[in-house]
Amino acid sequence: MAAHRCSYSALLLIVCSLSVFSVADSQETTLAGDHHDTAVDDNPRTDTVTAEQTAEQPAVDQRRWEATEVEEATLDDADTDTRDSIPPETAVPSSVPHPKDDFQEELVIRPLHSGDIYASFQFRTLWETDFMRGNKVSHYRLFPKSLGQVISKFSVRELHISFTQGYWRTMQWGQPFQPSPPGAELWVWFQDSVTDVDGTWKELTNVLSGIFCASLNFIDSTNTVQPSASFKPLGIGNVTDHRFLRYAILPREIVCTENLTPWKKLLPCGSKAGLAVLLKSEKLFHSSFHSQAVHIRPVCQDWQCKTTSWELRQTLNVVFDLHTPGQGKREWSLFKMFSRTLTEACPLASSSKIYIDITDDPQGEQFEVSPATPLLSQAMVLGDRRTFSVYDLTQQLTFGTARSLNLLIRWKSSEGEMLRPLLHAERYVAGYGLQTGEIHTLMYNNHPYRSFPVLLLDSVPWYLRLYIHTLTVTSKGKDNKPSYIHYQPSKDRVRPHLLEMLVQLPPNSVTEVTVQFERALLKWTEYTPDPNHGFYVGSSVISSLVPSIVAMDTNSTQERPLFSSFFPCKEESSYFVRVYTEPLLVNLPTPDFSMPYNVICLTCTVVAVGYGSLYNLLTRSFQIEEPSPGLAKRIANVIRKMRGVPPL
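Residues numbered from 1 in each chain as written. Predicted model: local features only at pLDDT ≥ 70, side-chain atom pairs only at ≥ 80, totals over all residues. Heavy atoms only, no water.

Peer 1: Explain the overall build of the chain residue by residue, including any values.
Peer 2: What the chain contains, in helices and strands, is ten helices and 27 strands. A total of about 36100 Å² of accessible surface is found on the chain, and carbon and sulfur atoms cover 55% of it. (Helix = DSSP H or I, 4+ residues; strand = E, 2+ residues; numbered from the N terminus. Areas by Shrake-Rupley, 256 points an atom, 1.4 Å probe, with all protein chains shown as cover.)

Here is the structure:
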């Protein structure tokens, strides 16, 4: 009985609980129905507003300007609408942290007046982390782990490396977005916690040599310098202690596919999706100019620089010579340049855009771009306001119904002149014979009425012994005394020459810097395998703040295209420019390396003829042999033998 009573009481308790839950559900349903009715009543107002906005919008075929503020407002409105449309049960809480890494990709295409095409790829990865803290970073999402470990292990503050094949022709192509000298260039800022900078620099070059499959392991003390003023940090910090700076250049480095492959593997999507699909090696290296670079630096995320992040910027610049005068037409397309078209953006990229520079032809009178885009954008690039047609690859409408984008441009007229760059430089070697020579550096200021200072850096190998007392600087036939000179003499087989000077360039003038040198005689083991080809001397580096035509933007944290935000801008009236000259090819006194072969041949001949004959005479044994009888005597002996008579 007790058991039955317990079962009856439990059953009654369950029935009461179910009734309470059913009443609560009915009340929630009633409240939900009331909310739904309220939403239905509000819908006509929303539809009316939407109709009014639709009526106020311009036609699709009209062009519209891309602005950062408008984009932010649109995104905010979209987020508000999305939050309103999400039910309360599935609403995302605002406390969810935003991702700390971001990836963007851009392609800038600029038609040149020479008939060539300049294409610049920009890939940027931002990561809000600290490689310098005690605990190691173990999780990598977009930032390549190989470079993250390099930054942590060697206490790198900034790293800039470039591999270039060809020489940038400034007077024909204008100024590039990111300049680089021919060959391989590497300059690194270390943290002030590094005690042995030279040893860390040597280990870093060996590691980077393995990462990029390059000959960076040939960088040693004989081609490494410590600039005092030419290379400042491009990221956070204005540290001017040049003891933690190292700069080296290998002008003879050859760039090929084995350097491009590891460079593409650093991208989050590799070469499988996004703009990196166009990076086809057989097309890139069949060009007039090719340069790939990697830049790592800490940057600010806001104007007050309260939060910082590491920026990895990978750039690739290429110039195609697609103009054939015999064809009688000028046109290019993505497929003609890269043998591929675009089908999608990188899924990991927050922004993927293509910019086409139409500044010289805003009305479409000289060339025509297809498919047309209504989106335009303006940016401050190298002291000028440039206009671009923008193609957003994150929008499916960009690819059309064919789901493929193949940009095509046709020239209607070949008229038009390119504005001369305000600053460019040249360098050559003068003299005759193999004993002495003279290095000439020409710096051109094409501004009609403004003068500005430039900082010249020359790194000359130790086997060219400079006569620094012969240094002369002339402008318009008059001496131009530098306001700052830093010279570090070389030591044979230890370090190169380092010459830095600050020179004021008069308006519309040519400034010539000359210095004499003497060629040294190397040891026979120090010559290259092809010594008669000559020895390369790295490019000179010219840095300057050039007067700007328009006011520059000094806010580095404001959202703008990647190609216009590499060098920080401190003043609105000027912009930073870095120019590289041609590398020099110098002949040194070279011994006749064919003489050992001639000596070996002569020695072998003397040994074979002289010593061989003497050795033969000394070791041969001589025996006396009687001459054989004649034919008549042999016949007579045969006859005598037949007769039984003894032979003769």
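The discussion continues.
Peer 1: If you had to explain the confidence of the model for the chain to someone new, which residues and values would you point to?
Peer 2: Averaged over all residues, the pLDDT of the chain equals 81, while 79% of them reach at least 70. Taken together, the stretch residues 67–97 has pLDDT below 50 and engages in six contacts with residues farther than four places along the chain or on a different chain. (pLDDT = per-residue confidence, 0-100. Contact = heavy atoms within 4.5 Å.)

Peer 1: Talk me through the pattern of salt bridges; I want residue IDs and the actual numbers.
Peer 2: For the coordinates displayed, the defined rule picks out 13 salt bridges. With a shortest N-O distance of 3.4 Å, Arg386 and Asp384 are connected by a salt bridge. The class for Asp384 is partly exposed, based on a relative accessible area of 23%. Sharing partners across several salt bridges, the network here consists of Arg124, Arg297, Glu311 and Arg313. (Salt bridge = Lys/Arg side-chain N within 4 Å of Asp/Glu carboxyl O. Buried < 20%, exposed > 50% of the residue type's maximum accessible area, 1.4 Å probe, protein only.)

Peer 1: Would you mind going over the state of the cysteines in detail, with residue names and values included?
Peer 2: What the rule picks out here adds up to one disulfide. Linked covalently through their sulfurs, Cys269 and Cys346 form a disulfide whose S-S length is 1.8 Å. Every disulfide takes its handedness from the sign of the S-S torsion; for Cys269 and Cys346 that torsion is 70 degrees, giving right-handed. Of this pair, Cys269 sits in the loop between helix H6 (257–265) and helix H7 (281–284) while Cys346 sits in the loop between helix H8 (334–338) and strand E11 (351–357); the two residues are 77 residues apart in sequence, bridging distant segments of the chain. Per residue, the accessibility class of Cys269 equals that of Cys346, and both read buried. Cys213 forms no disulfide, and the closest cysteine sulfur to it belongs to Cys256, at a distance of 8.8 Å. The exposure class assigned to Cys213 is partly exposed, which follows from its relative accessible area of 37%. (Disulfide = S-S within 2.5 Å.)

Peer 1: Requested: an account of the packing of aromatic side chains, with residues and values cited.
Peer 2: Applying the stated rule across the entire model yields 26 aromatic pairs. Consider the rings of Phe320 and Phe338, whose centres lie 5.5 Å apart with planes at 90 degrees: the pair is edge-to-face. Of this pair, Phe320 sits in strand E9 (residues 308–320) while Phe338 sits in helix H8, placing them 18 residues apart in sequence. Its relative accessible area of 3% is what places Phe320 among the buried residues. Members of the aromatic cluster, joined through ring pairs, are Tyr118, Trp168, Trp173, Phe177, Phe289, Tyr355, Phe388 and Phe563. In this arrangement the basic side chain of Arg110 is found over the ring face of Phe177, its NZ or CZ atom lying 5.4 Å from the centre. A cation over an aromatic ring shows up here: Lys153 above the ring of Phe154, its NZ or CZ 5.8 Å from the ring centre. (Phe/Tyr/Trp six-rings, centres within 6.5 Å; stacked < 30°, edge-to-face > 60°. Lys NZ or Arg CZ within 6 Å of the ring centre and 35° of its normal.)

Peer 1: Describe empty space enclosed by the protein, listing the residues and the values that go with them.
Peer 2: All chains considered together, the criterion is met by eight cavities of 30 Å³ or more. Size it by volume and the second largest cavity reaches roughly 150 Å³. (1 Å grid on protein atoms, 1.4 Å probe; cavity = no way out; pocket = protein on both sides within 12 Å on 5 of 7 lines; lining within 4 Å. Points joined across faces, edges and corners; volume = space filled by probe spheres on them.)

Peer 1: Talk me through the layout of surface pockets; I want residue IDs and the actual numbers.
Peer 2: In this model, the second largest pocket occupies a volume close to 920 Å³. Along the wall of the second largest pocket there are 31 residues; nearest its centre are Phe218, Asn223, Leu250, Pro251 and Tyr463. The set of elements that each furnish at least two residues to the lining of the second largest pocket consists of strand E7 (245–250), strand E18 (452–460) and strand E24 (535–537). In terms of residue count, the dominant contributor to the lining of the second largest pocket is E7 (four residues).

Peer 1: Provide a residue-level description of the environment of Asp361, including the pertinent values.
Peer 2: Topologically, Asp361 is positioned in the loop between E11 and strand E12 (367–370). Note on Asp361: relative accessible area 5%, which makes it buried. Between the C-alpha atom of Asp361 and that of Thr387, which follows or precedes it by 26 residues, the distance is 9.4 Å.

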